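Residue-level structure breakdown
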Amino acid sequence: MDKVNTKKSSEVTNLEISSKGLSRRDFFKKTGAVSAVAAASVIAPTVVKAEDDHAIMHHPKWGQSWGDPVTKNKYGIPSKYEHNVTRRYTQLLASGNARASIAVAPIHESDGIITPNGLFFSRSHGGTAHVDPNEFRLMINGLVEKPIVLTLDQIKQYPRVTRTHFIECPANGGQEWRQPQYNSLQFAKGFMSCAEWTGVYIKTILKDLGLKPEALWMLAEGSDNSEMGRSLPIDKVLDDAMLVWGQNGEALRPEQGYPLRLLVPGWEGNLCVKWLKRLEFGKEPWYAKEETSKYTALKPTGKAAQHFYANEVNSTVVIPSCEKPWTNIKDGDWVEIEGLAWSGMGTVTRVDLSFDGGNNYVEANIKGLVLPKCWTRWSYMHQYKKGEKLLLTSRATDDAGFVQPTVDQEVFGYGVKKADYGKDKNKGMGVESVYHRNAVETWEVNEKGEVNHVQIRTV
Amino acid sequence: MFKLEQYKILTASLVTVAALSVAQADETVAYNGLWNAKKDISGGVYYPIKDGQTGPYKVNSQVYKDSDAVNNESGVKVGYNNGRIPTDNELKAWDKDINGLNEGLPEGSGYVDEGEALYEAQCMMCHGDFGSGGGGYPALSAGKAKEIKRTLTNNRWLNPTAEGPSRVFGSYWPVASTMWWYIRDAMPHTKSKTLTDDETYALTAYMLYINGMKVDGELVTPSFKLDREKFMKIEMPNRNGFVPDIDGPNGLENVRTYYANPDNYGAYRLKKGEEPCMKNCQQTDNIARVDGGITDFEPPMSVARDLPPKKEDAAHKVSFDAKAAYEASCTMCHATGVAPAAGDKTGWAPFMEKAYEKVLKNGLEGTNMGMPAKGGSSLSDDEFKQVVDYMLKF
């Protein structure tokens, strides 16, 4: 065995040498620069011409010296050149000294349908709690035959499921009911992210407790500073609601509720209570603060829609964006207009793209995995004409048959004539509901290739 | 422990509704089939477990069997025996919620004027005089609740600069238990769960007072005392301002019915066979643009792939900017008259009588007079001391 190994290893060495020698000879033959002297970082030939790319014509320092040892960064971090790819926040949304606040995800830099854990949008009502997993307990009580207390290890003992779902704050786009506010994709649409979650269906745990027949609602309560609570209908609990500890193959980040959060697929992000502490089953809903004072959608009638759970079908163009415009695209270049579509009410089945702000549409191409209550990528190829003006509007449809409304349809109601806008308060959502805005978004590409966020309205 | 019968009884009420919708729309179970899927309570698609699969996902068939909400089956095959029963004391410690029927509200009492004193010491620095709000913190009052409630029909849909609705406790919130529960468990924001039940009653009483509200027909005055019995009789002006009606045994059915109708929430569901509009859908030249808008992004927007600006290495930090920390974390009280400002020798004099060590200790640990521990900041003890020293430099 030893001999064979030795032989093999020497063969490899010989091969390396000979291939090196060959390429060297080959190189000299071609260039004829027999006497070229290689300076420390300049690749021969030494006479570099103006049209030569410096990036090619010199040895970069990372190629001529030791890189980091594998012992560095035992938990990997992004390249230092990626430092601008971060969550961002604004004073407008910084109430509670940035504790009852939100930092939004850089979706203009997003690829595919997974948000890296460090970029996942972060929302809390009393700051990010840092829970000691050893002191973590989940209590489940109320209308059950047997209340229980579980440690984290005990929860992980149940059969687990892994699902890819987005979480979206229902206030995503909620500052723009009256007019666009952000020339930024990150802020206009970044109150959401998408991840692969691992945990247990609550219905699996309920087998151990014995739900009483009169239980109609579940209270989920966090252990954080705000003791964040929400009521959830039993239907969702017995369908796909999960308790999750895993996010994209690792433990939840503290910002996402480490060590355990509720995941309510497709529904308001606010329902996905973080730093979970207790579930209680009851006959009546609880009227927690975040389901009364907030997360209720005030309509023109003066009545507010409450328990408005699902994030409705939605979409946006991602490439180009205000942040990454087409100013460097050449005349005649083929560009891939790419975007995201999602629906908390089902699976995206179709995305249409308009170049004129929503008057005429073409059907775009859905790409990659198509999963329920999950981000879905779509794209459309376009040959760019320098100086052209475009109004890029995307519109998604889901398998429940819901299609995104225009701005006017959502505000004033479907089928209402322009002359009748605002006359019947029972039609449309008006502009005061804050939450659940899912009208189509439009991105203007101007003659310079710059991108602006606009809304196409008839009034 | 679990019994299938329980599900049957539990969801019996839902069967009727679900069966009804099946009959009306001729719906069959279908994954990715347009206009064809079963609905869940939110109006969305329900993906049952069928043949070892839910939607596109496979499931372990040792654990799950076919599920169908219409037949009251959650699809869970077997139970386990994890965890333990909580002790009575443990339940008492954690099971402290209060619902909209005031179930769970403990005994206790408090006067409006007691609440006012507490408010001024512990709440005003964020929520403003008389709950007026400001600085991004929510307003708690906007005048007499009943009058303010009328603003809820204000809608700026035709006139963007008109007066909008005012959603404060008195004008908007449907029940008062929410306020009591939230004050006790989540307030004051910088040191929650430190108020007694009586203090919580007093603060809630003060909320009723500044909102000009009535209890059992009586207008709340500074000498009003709120106790559990009176709490039950608080009249919330907007009690019926929310749809659908979620209360009582029909609550879930009401939710299901409400969200089965897209007109109720500004949505449109294509009819079977209907295509979305593709040509001449909306002809208009009206492009609404960002006018000023919001641009104070932190960090500032950039997509450059460059090296980050050189920062001081935190591990070798030689100087800490106490003034900047003061401005970021302290000025909301210490520069607004609530507490003495940096360098205000006269203002600090009464505190300094107790000696520097006491002032520092109070700062580090917080006081029940409204000073949050370390000002609610995340500074280290040493950094915090530098801020205190900065503030006490006369």
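Residues numbered from 1 in each chain as written. Chains lettered and ligands numbered in written order. Predicted model: local features only at pLDDT ≥ 70, side-chain atom pairs only at ≥ 80, totals over all residues.

Residue and element names in this part refer to chain B. Direction vectors running N to C along helix α8 (residues 177–186) and helix α9 (residues 197–210) enclose 130°, while the axes themselves pass 9 Å from each other. Looking at the two axes, α8 sits oblique to α9. Of the two elements, α8 crosses α9, and the hand of that crossing is right-handed. Listed contacts from α9 to M179, W180, I183 and R184 of α8 are T200, L203, T204 and M207. The residue makeup of the contact of α8 with α9, split by class, is five nonpolar, two polar and one charged. (Axes fitted to C-alpha atoms, helices over the stretch in contact; angles between N-to-C directions. Helix = DSSP H or I, 4+ residues; strand = E, 2+ residues; numbered from the N terminus. Parallel < 35°, antiparallel > 145°, perpendicular 65-115°, else oblique. Left-handed = near helix turned anticlockwise from the far one by under 90°. Contact = placed C-beta atoms within 7 Å. Nonpolar A, V, L, I, M, F, W, Y, C, P; charged D, E, K, R; others polar.)

When the parts of a complex come together, some accessible area is lost, and that lost area is often used as the size of the interface. On the side of chain B, 112 residues touch chain A, which itself brings 132 residues to the contact. Broken down by element, the side of chain A that touches chain B gets its largest block of residues, six residues, from helix α5 (residues 202–209) of chain A. For the side of chain A that touches chain B, the residue count by class is 52 nonpolar, 49 polar and 31 charged. Bridging between strand β25 (residues 451–456) of chain A and strand β10 (residues 287–289) of chain B involves three bridges; their strand directions are antiparallel. Of the residues in β10 of chain B, the one forming a bridge with V454 of chain A is R289 of chain B. (Pairing = 2+ DSSP bridges.)

This brings us to the domain arrangement of chain A. All names here are of chain A. The domains assigned to chain A are domain 1 (2–63), domain 2 (89–296) and domain 3 (314–404 + 440–454). On a C-alpha basis, the centres of domain 2 and domain 3 stand 29 Å from each other. Contacts between the two partners involve 21 residues from domain 2 and, on the opposite side, 21 residues from domain 3. Elements with a minimum of two residues in the side of domain 2 that touches domain 3: β6 (161–168) and α4 (185–189). Considered class by class, the residues forming the side of domain 2 that touches domain 3 number 10 nonpolar, nine polar and two charged. (Domains from an automatic or database assignment.)

With that out of the way, let us pick up unusual backbone geometry. Following Y258 of chain A, the chain continues to P259 of chain A via a peptide bond in cis, the omega torsion being 5°. The amide bond that connects I319 of chain A to the next residue, P320 of chain A, takes the cis arrangement and shows omega of 5°. For P320 of chain A, the position within the fold is in the loop between β16 (314–319) and β17 (334–342). Backbone geometry places Y287 of chain A, a non-glycine residue, at a positive phi of 60°. Following the sequence through the fold, Y287 of chain A ends up in the loop between β13 (276–282) and β14 (297–298). The backbone of D216 of chain B sits at a positive phi, close to 55°, despite the residue not being glycine. The residue D216 of chain B is located in the loop between β5 (214–215) and β6 (218–219) in this model.

Attention now goes to the pairing of β6 of chain A. All names here are of chain A. Extensive coverage of β6 is indicated by the burial of seven of its eight residues. For β6 and strand β7 (residues 192–201), the ladder comprises eight bridges, and the chain directions are antiparallel. What sits directly across from T162, in β7, is T198. (Buried ≥ 20, exposed ≤ 12 C-beta atoms within 10 Å, placed from the backbone.)

What follows concerns the sheet that holds β17 of chain A. Residues and elements named next belong to chain A. What the four strands build is an open sheet, ordered β16-β17-β21-β20; its pairing is antiparallel. Of all strands in the sheet, those with a lone pairing partner are β16 and β20 (365–367), marking the two edges. Neighbour-to-neighbour, the strand axes of the sheet open up by a mean angle of 35°, direction not taken into account. Relative to strand β21 (residues 376–383), β17 runs antiparallel, the two sharing eight bridges. By the bridge assignment, E338 is partnered in β21 with S379.

Residue and element names in this part refer to chain B. Across chain B, pLDDT averages 86, with 88% of residues at or above 70. The model gives residues 1–36 a pLDDT under 50, and that stretch makes 60 contacts with residues more than four places away or in other chains. Here the complex is predicted with pTM 0.86, and the ipTM for its interfaces comes to 0.89. (pLDDT = per-residue confidence, 0-100.)

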